[in-house]
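Reading the structure
Each chain is listed here by its residues.
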Amino acid sequence: MRLRPVPGLVALVLAGPIALGLVWTGLPALGILPAAGATGPSLAPFAQLLETPGLARSVLLSLGTGLAATALSLALVLVLLAGWLDSAPFTGLRRLLSPLLAVPHAAAALGLALVIAPSGLLIRLAAPFDADLARPPDWLILQDPLGLSLVLGLVLKEVPFLLLMALAGLNQIDAQPRMRLAQSLGYGRVAGFCLAVAPPLYRQMRLPVLAVLAFSTSVVDMALILGPTLPPTLAVQVTRWMGDPDLALRLKGAAGAVLQLGVSLAAIAVCIAGERLAARLWRTLGSRGVRARKDGIVRGTVLVLVAALALLALAGLAALVLWSVAAGWRYPDLLPSRIVATHWLQAAPDLGTAISTTLAAGLAASLVAGVLVVALLQDRQGEEKDAGHDAERADGRASRWLDRLMFLPLLVPQVAFLFGLQVLFLDIGLDGSLPAVMLAHLVFVLPYVFLSLRDPWSALDPRFEQVATSLGASRARVFWRIRLPLMLPALATALALGLAVSVSLYLPTLLIGGGRVVTLTTEAVALASGGNRPLIAVHALMQLLLPCLAFAAAALAPRLLLPRLHGRRPT
C-alpha cells in the first residue's frame, strides 16, 4: 500500500522549520529586523558580537566541553562493548539502560548537582571520616570555570544513548564472528574489537555520534545548571541575548546564533579529522600485529567508570527524592531529620498548569509523529513489494536520504534556528502559543519515534501478511487487522519515547513559547538558579515521573488492547 505524498510531507516537517529558522536567524544577524528598527544589510551585529568581553572563552568552553564529553562517552561505550559484551556485568548495566535514558537532561543535571555539590551527598558521606569536612568545603565544584561538571553531566546522559545506538548497530554487522576470528588470531578482547568490530560499528553509529557532538556543543539547560557562569558557554550567552527585552540585543543574539552554528560545525570537522586519524592508527596497529593480550587493566577501569556513572545517576535520583520530602536536612546529616509532604503541597498549584501544558505538547507531538512514521513505514513496505523497477530503486535511494534527514534536527544546533523560528512566528502571530510549541516539539520528536519504530516494523515476519492476503484480505484490512495489532507494543513504546523527548525539551519551549508556555522543564531550570532545593527536587521528579508513567502505560496498553482487537476477552 503506497502513500506517496507521505515521504515528502515528513521531509517537509523535518527540514522546513530548520531551513526557515536558519533564514530568519540570518536576516537579523545581517542587520535586518524591522521590529527593532533595523532595515538594512549590515555587519554591525557581528562587530558588536566580537566586542563582547569573554566571547573567545565562551567559544572555547562550548567547543572543549562538547568535544570532551563526546569523546569520553564514545570511548567508554566502545571499550565497554569490547571488554564486557555478553558478560554478566554488562547484562546488569544493560538493565539500567532504559531507566537512565528516560531521565530528562535537566533532571539528570539537577540530581547530579545535588550529589556533587560541596554540601551534596558525596561530601556528606565522606564527612564522618574527615574533620575538615565538618562544614561544607569551599570548593568550586559546580559551575567550575573549566566546565568539568558540565562534561560529567553530559557523559552521564550520552553514554546510555550511545550504548543503545551501538547495540542497535551490532545487530547490523557480524560482530560475534568477527570477535571470534580476532581472538583465534591471538588478539586480546579490546584490540580484537577495535580492529575487527569497531570500524563497521562506527559507520553504523556515526550520525548518532555527530548528533551527540552537536548537542553537547550547544546545550543550554544542562549548561545553565552545571556549566561555568563567568563567562558561560556560547549557547547560554546567546539565549540570554535573545531573551533580553532590549530588541537591539536580538541582532547581537542572532549573530551569536550564527557563530554557534559555526562552532558546532567546527566541532564536527574536528571529529571527522579524528576519525581519519583513528583509522590510520588502526591500520598501523593492524599491520604491526599488535595483539595487546593483557588488557585486563583497561577493561576493569572502564567497567568501574561506567558502573560509577550509573551509581552517580541513581544517587542523583535518590537525592531528588530525599530533598523533595526533606525538612530540616542540615549538613553534614546523611538523611533528613523529618519526612514531610509540605513541598509537594506548596508546588501543587504551579505543577497542575505545568503538567497539563507538558502533556498537551508532548501527546500532540508524539501522536502526530506516530501517524507520520507509521504512514512512512507502510509506504516503504509497499515500495519493497514493488521493488525491481528503476523507479522503485530510485525510491530506495530517496528512503536512504530520508533516513539521513531524520538526524538533521539533531545535527543543527537548536539555538541556531529556533531564534529564527521565533521571529517568524512573531511575524505571523503564532509566537507564545501552545500550537507553535507543539510544532517545534514535533521537529525533535519525529526522529526519535522513527528510529524507535523502524527496526521492529521491518522485522515483522512477512508470512503473516502473505497468509492474510492469500485468504482474500485487502491491503487495508491486512494493515488494520494484522500489522497494526502486532506492532502495537513497539508503537506504544515509540510514542512513550516521543513523550519523553518532548518533556525534556527546554530551548524550543523557552524560545517558541516566549515565556508564556510553561512546562515542567522550563520551570525546573528556572528554579535551579533560586537555590530552593526542595522545590527544585519536586519539579525535577515530576519531569522524570511523566516519562516513566508513559513507558509504564506503553507496557500495559498492548495487554489491554490486543485481546479486544482480536475479539477476545482479556485474561
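Looking at an unreviewed UniProt entry, the protein chain carries the name ABC transporter permease subunit, with the source organism given as Pannonibacter tanglangensis.

On to the overall build of the protein chain, then. Within the protein chain, the regular secondary structure consists of 25 helices and two strands. Taken over the C-alpha trace, the protein chain has a radius of gyration of 25 Å; the compact-globule value for 571 residues is 25 Å, and the two agree within 12%. With the C-alpha coordinates of the protein chain rotated into their principal frame, the extents come out at 75 × 65 × 55 Å. For the protein chain, the residues scored as buried account for 51% of the 571 residues in total. When the accessible surface of the protein chain is totalled, it reaches about 26,000 Å², and 66% of it is carbon and sulfur.

Here the focus is the pattern of salt bridges. Applying the stated criterion across every chain yields a total of six salt bridges. Across the pair Arg 454 and Asp 455 runs a salt bridge, and its minimum N-O distance is 3.7 Å. Judged by its relative accessible area of 33%, Asp 455 falls in the partly exposed class. Between Arg 483 and Glu 465 there is a salt bridge; the shortest N-O distance is 2.6 Å. Separated by 18 residues along the polypeptide, Arg 483 in helix H22 (residues 475–504) and Glu 465 in helix H21 (residues 463–470) bring together distant segments of the chain. Relative accessible area serves as the criterion here: at 1%, Arg 483 is assigned to the buried category. Accessibility expressed as a relative area gives 6% for Glu 465, which makes it buried. One salt-bridge network, in which partners are shared between bridges, spans Arg 380, Asp 403, Arg 454 and Asp 455.

Before going further, it helps to spend a moment on the nonpolar core. Ranked by size, the top nonpolar core spans 126 residues in total, and within it Leu 80, Leu 81, Leu 170, Phe 193, Val 197 and Leu 201 carry the most contacts. If one sorts the elements of this core by residue count, helix H8 (residues 148–170) sits on top with 13 residues. Excluding its chain neighbours within four sequence positions, the residues that come into contact with Leu 201 are Leu 78, Leu 81, Ala 166, Gly 169, Leu 170, Ile 173 and Phe 193.

Below, the discussion takes up the packing of aromatic side chains. Applying the stated rule across the entire model yields four aromatic pairs. Measuring from ring centre to ring centre gives 6.5 Å for Trp 457 and Phe 479, while their planes differ by 45°; the resulting arrangement is tilted. With a gap of 22 residues between them, Trp 457 in helix H20 (residues 434–459) and Phe 479 in helix H22 connect regions that are remote in the sequence. The exposure class assigned to Trp 457 is buried, which follows from its relative accessible area of 1%.

About the thresholds
Residues numbered from 1 in each chain as written. Predicted model: local features only at pLDDT ≥ 70, side-chain atom pairs only at ≥ 80, totals over all residues. Heavy atoms only, no water. Helix = DSSP H or I, 4+ residues; strand = E, 2+ residues; numbered from the N terminus. Rg over C-alpha atoms; globule rule 2.2 N^0.38 Å. Buried < 20%, exposed > 50% of the residue type's maximum accessible area, 1.4 Å probe, protein only. Areas by Shrake-Rupley, 256 points an atom, 1.4 Å probe, with all protein chains shown as cover. Salt bridge = Lys/Arg side-chain N within 4 Å of Asp/Glu carboxyl O. Core = buried A, V, L, I, M, F, W, Y, C linked by side-chain atoms within 4.5 Å. Contact = heavy atoms within 4.5 Å. Phe/Tyr/Trp six-rings, centres within 6.5 Å; stacked < 30°, edge-to-face > 60°.

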